[in-house]
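A look at the structure
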Amino acid sequence: MKTSLIAVVLALVCVAAAQQPATSGAPAQGSSAQGPVIKDPAEYNAYVGAIQQQDSNAKISGLEAFVTQYPNSVVKKDALEALMGEYQKANNPAKMGEAADRLLQADPNNMRALALMAYTTRVAYQNNQDPAKAAQLAATMKGYGDKGMAALPNYTKPDNVKEEDFPKVKDQMTSIFSAAQGLADLQDRKFPEAAKELKIAADASPTDFSLVYPTALAYISSNPPDLVNGIYYAGRASAIAPPNYQAQIEKYAKAQYVKYHGGDDGWPEVLAQIKAGTVPTLKPAPTPAEQAHILVTTKKPEEMDFAEWQLVLTKASQEDANVVWTAIKGKSLQFQALLLKASSTSLDMAASLDDIDAKKKDVELTMSGEIPAKTLATLKEGSQIQVAGTPDSYTPDPFVITMIDGRLLKAATPTPAPKKPGATTHRPVSHR
């Protein structure tokens, strides 16, 4: 997150230092008539003496002494806000956290304390090297983020913020709390929630790698993945990553693009648009039905392999499927396949590489005559065999071609044969 965001919070926590409470019912110099009234002159002097210190250490000492001596003071929250800010400026996160905790005990919805703690806990989480501590930090970070977002609708304009600037302050607070929520949800593998929350923070801080890259991961890891947004944020992350990570992240973004688009064509132009801050229009990979239609219109059925027939017969329109089925039905075909089950009158086989990998039947071959017992004994399940058969019918789901007039051409060894025509596949590109 940009330093400017936390600077806004710091400016707000210093508001207490810019105001003095009233004493004896009359406003003190520099205070408003609506401000808190300190009736005890000694208490008033102790507070003003502490808040007006120019030296940071003296101011911290004075404020600590004041909240100890006057634990029920009407300006206790103002004193603790100022103390929290001084500890933050002194780069003492432990003491700042203690002051914030005391402030939140007195004022549970204090926006400045919640924002500071959400931010600093996030920094601790992202700098953490101990996996065992990550869940604890994430839970703490999530708590501050949730409380801050819940309190934000009731957040009123601080006196030192101009009316026209207040919406921007609220947006920056929203970004701080959303970052805390999103990173915690990412830690807990709640990817859709993390993506929604982190997008707010990443868009508010587009050059903050520690927010942009987790946003990409959240979108890509969702189920189903949102690759359009994932590619965009991954591409942005590659442009702002530390130099030694840029190539690796760009490769990751490109891989997601290929998964979505079906190829790497157009990637340089897409990446250039992303790096320029433009959201590109991404063309998705053709659906299986579109791939099947392209096959039917560019390749004759008799020139297709078994897997291409399977693609058309299972994914294409009925019109396209009829083109292929009319061309191959009743024609004697020779092919190689994996034997799954054998009897003297029929063979169950897998002919496409996908089905061979899954050992799933896609051909049911009825033999033209009984297989001799001696020959049947040589047919081993899991071996590749060469056969001939005539397509007679098929079912699209699950896909099985029923063939008749089957003949054994050659029995192969149990060792899988090299991929040849008839045993290859053209797997459809997954469409998301």
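Above: the structure in question.
Residues numbered from 1 in each chain as written. Predicted model: local features only at pLDDT ≥ 70, side-chain atom pairs only at ≥ 80, totals over all residues. Heavy atoms only, no water.

**Looking at the packing of helix 5 (residues 93-106) against helix 6 (residues 111-127)**
Which entries qualify depends on this criterion: Helix axes are fitted only over the stretch in contact, all axes being lines through C-alpha atoms; the angle between N-to-C directions runs from 0 to 180 degrees. The way it works is that DSSP assigns letters per residue, a run of H or I at least four long becomes a helix, a run of E at least two long becomes a strand, and they are numbered from the N terminus. By definition in this entry, angles of less than 35 degrees are roughly parallel, angles greater than 145 are roughly antiparallel, angles of 65 to 115 are roughly perpendicular, and the rest are oblique. Should the near helix be turned anticlockwise from the far one by less than a right angle, the crossing is left-handed, and should it be turned clockwise, the crossing is right-handed. Only heavy atoms enter the contact rule, under which two residues are in contact if any of them lie within 4.5 Å. Gly counts as polar in this scheme, as do all residues outside two lists: the nonpolar Ala, Val, Leu, Ile, Met, Phe, Trp, Tyr, Cys and Pro, and the charged Asp, Glu, Lys and Arg.
Remark: helix 5 packs on helix 6, axes separated minimally by 9 Å, with the N-to-C direction vectors making an angle of 140 degrees. In terms of axis orientation, helix 5 runs oblique to helix 6. The crossing of helix 5 and helix 6 is left-handed. Counting all contacts with helix 5, which are made through Met 96, Gly 97, Ala 100, Leu 103 and Leu 104, the residues of helix 6 involved are Ala 113, Leu 114, Leu 116, Met 117 and Thr 120. Classifying every residue of the contact of helix 5 with helix 6 gives 8 nonpolar, 2 polar and no charged.

**A few points about the nonpolar core**
Heads up, the condition is: For our purposes a nonpolar core is just a set of buried Ala, Val, Leu, Ile, Met, Phe, Trp, Tyr and Cys residues, chained together by side-chain atoms within 4.5 Å. To sort residues, take the accessible area from a 1.4 Å probe on protein chains only and compare it with the maximum for the residue type: under 20% means buried, over 50% means exposed, and anything in between is partly exposed.
Core analysis: the biggest nonpolar cluster contains 79 residues, and Met 84, Met 173, Phe 177 and Ile 231 have the highest contact counts within it. With 10 residues, the top contributor of residues to this core is helix 8 (residues 166-187). Residues Trp 309, Ile 328, Leu 347 and Val 387 belong to the second largest nonpolar core, which totals 31 residues.

**Topic: the pattern of salt bridges**
So the rule is basically this: Throughout this description, the term salt bridge denotes a Lys or Arg side-chain nitrogen within 4 Å of a carboxyl oxygen of Asp or Glu.
The full count for this structure, using the stated rule, is 15 salt bridges. Note that Glu 81 is salt-bridged to Arg 112, the shortest N-O span being 2.3 Å. Within this pair, whereas Glu 81 is found in helix 4 (residues 76-89), its partner Arg 112 is found in helix 6, the two being separated by 31 residues in sequence. Comparing Glu 81 with Arg 112 shows no difference in burial state: the two are buried. We note a salt bridge from Lys 89 to Glu 86, for which the minimum N-O separation is 3.1 Å. Of the two residues, Lys 89 and Glu 86 are both situated in helix 4; the distance of 3 residues between them amounts to about one turn of the helix. Accessibility expressed as a relative area gives 5% for Glu 86, which makes it buried. Taken together, the shared-partner salt bridges connect Lys 59, Glu 86 and Lys 89 into one network.

**So, the pairing of strand 5 (residues 363-367)**
Where we set the bar: Pairing between two strands requires that DSSP report at least two bridges joining them.
Of the two faces of strand 5, the one lined by Val 363, Leu 365 and Met 367 is fully buried and the one lined by Glu 364 and Thr 366 carries no buried residue. One ladder, built from 4 bridges, connects strand 4 (residues 346-350) with strand 5; its direction is antiparallel. Its bridge partner lying in strand 5, Asp 348 is registered against Glu 364.

**Observations regarding the environment of Leu 271**
Position of Leu 271 among the secondary structure elements: in helix 13 (residues 267-275). Apart from the residues within four sequence positions on either side, Leu 271 is in contact with Gly 235, Ser 238 and Glu 250.

**Side note on helix 12 (residues 243-261)**
The line we're drawing: To estimate how far a helix should extend, the number of its residues minus one is multiplied by 1.5 Å. The reported arc concerns the directions from the helix axis to the C-beta atoms and nothing else.
For helix 12, spanning 19 residues, the distance from its first C-alpha to its last is 27 Å, which sits close to the expected 27 Å at 1.5 Å a residue. Buried within helix 12 are the following residues: Ile 249, Ala 253, Gln 256, Tyr 257, Tyr 260 and His 261. The buried side chains of helix 12 occupy one side of the element, clustering within an arc of 120 degrees when seen end-on. Set apart from the buried face of helix 12 by more than 90 degrees, the exposed residues are Asn 244, Ala 247, Gln 248 and Lys 251. In this structure, the buried side of helix 12 is in contact with helix 10 (209-221), helix 11 (227-240) and helix 13. Phi turns positive, to about 95 degrees, at Gly 262, one or two residues after helix 12.

**Considerations on the packing of aromatic side chains**
The line we're drawing: Working definition: a ring pair exists when centres of Phe, Tyr or Trp rings (six-membered ring for Trp) sit within 6.5 Å. Plane angles under 30 degrees give stacked, over 60 give edge-to-face, the rest tilted.
Taken as a whole and assessed by the stated rule, the structure comprises 12 aromatic pairs. Through a chain of ring-to-ring contacts, three or more aromatic side chains come together here, namely Phe 306, Trp 309, Trp 325, Phe 335, Tyr 394 and Phe 399.

The quantities given are spatial measurements derived from coordinates; they are silent on function.
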